[in-house]
Amino acid sequence: MRFTRSVLAASALAALTVGTTTALASPASAAPNTTPQKVCGSAYKTVNSAAVGSLGTVYLTYNAANGKNCVTTIRNSPGTAVDMSAWISVPDTEEYDEDAGRFTSFAGPTYVYGKGHCVDWGGSIKNVYVQVFGSNCGALKEHRVTFTR
């Protein structure tokens, strides 16, 4: 079972004793210099990215040692928590992972095994969404979609 940071944060908050004031650092908080490698892991190399309007960037990374891809969406200017998401899918295998919620700096990491497969991936910040289909699979041309709701 995959737990997103929003579930873990809610669990930590629920574990606090009633009447006790405790300062908790949000697990979604990060310094403005957050990188895909800090979110996904140092072995993950950035292989593709897509701007989320002027709000941030969705990064697709790959770890050659384990064949896994990772996606994270990182805001340009961390601040008050906003709706964000990061997702990745391998259509051939129906493998899918997503992290969505209200975050201050980044959404993700999301992981799938993608060695030898095309991947679909994307993310959002506030009401700006990016979707990339058929990506990083050799001769096939990817298809990008960006939209605002």
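Calculation notes
- Residues numbered from 1 in each chain as written.
- Predicted model: local features only at pLDDT ≥ 70, side-chain atom pairs only at ≥ 80, totals over all residues.
- Heavy atoms only, no water.
- Helix = DSSP H or I, 4+ residues; strand = E, 2+ residues; numbered from the N terminus.
- Buried < 20%, exposed > 50% of the residue type's maximum accessible area, 1.4 Å probe, protein only.
- Areas by Shrake-Rupley, 256 points an atom, 1.4 Å probe, with all protein chains shown as cover.
- Disulfide = S-S within 2.5 Å.
- Contact = heavy atoms within 4.5 Å.
- Salt bridge = Lys/Arg side-chain N within 4 Å of Asp/Glu carboxyl O.

Side note on the overall build of the protein chain
Helices and strands together make up the secondary structure of the protein chain, namely two helices and nine strands. For the protein chain, the proportion of its 149 residues judged to be buried stands at 38%. Surface summary for the protein chain: the accessible area is close to 8000 Å², and the carbon and sulfur share equals 56%.

Description of the state of the cysteines
This model, assessed by the stated rule, comprises two disulfides. Covalent S-S linkage joins Cys40 and Cys70, the inter-sulfur distance amounting to 2.0 Å. Residues Cys40 and Cys70 are joined through a disulfide that is left-handed, its torsion about the S-S bond being -75°. Taken together, the residues Cys40 in helix α2 (residues 36-40) and Cys70 in strand β3 (residues 68-75) connect sequence positions 30 residues apart. Its relative accessible area of 6% is what places Cys40 among the buried residues. On the accessibility criterion, Cys70 (0% relative accessible area) is buried. Cys118 shares a disulfide with Cys137; S-S distance 2.2 Å. Around the S-S axis, the bridge from Cys118 to Cys137 shows a dihedral of about 90° and counts as right-handed. In this pair, Cys118 is assigned in the loop between β6 (106-113) and β7 (119-125) and Cys137 in the loop between β8 (128-135) and β9 (143-148), connecting sequence segments 19 residues apart. Sequence-ordered numbering of the bonded cysteines in the protein chain yields a pairing of 1-2, 3-4.

Focus: the side chain of Thr34
Position of Thr34 among the secondary structure elements: in the loop between α1 (5-14) and α2. Excluding its chain neighbours within four sequence positions, the residues that come into contact with Thr34 are Val39, Ile74, Ser105 and Phe106.

Some points on the pattern of salt bridges
Evaluated as defined, the whole model comprises one salt bridge. A salt bridge links Asp83 to Arg102, with the nearest nitrogen and oxygen atoms 3.3 Å apart. Taken together, the residues Asp83 in strand β4 (residues 82-90) and Arg102 in strand β5 (residues 95-103) connect sequence positions 19 residues apart. Judged by relative accessible area, Asp83 falls into the partly exposed class, the value being 41%. Accessibility expressed as a relative area gives 52% for Arg102, which makes it exposed.

Any functional reading would require information that these geometric values do not contain.
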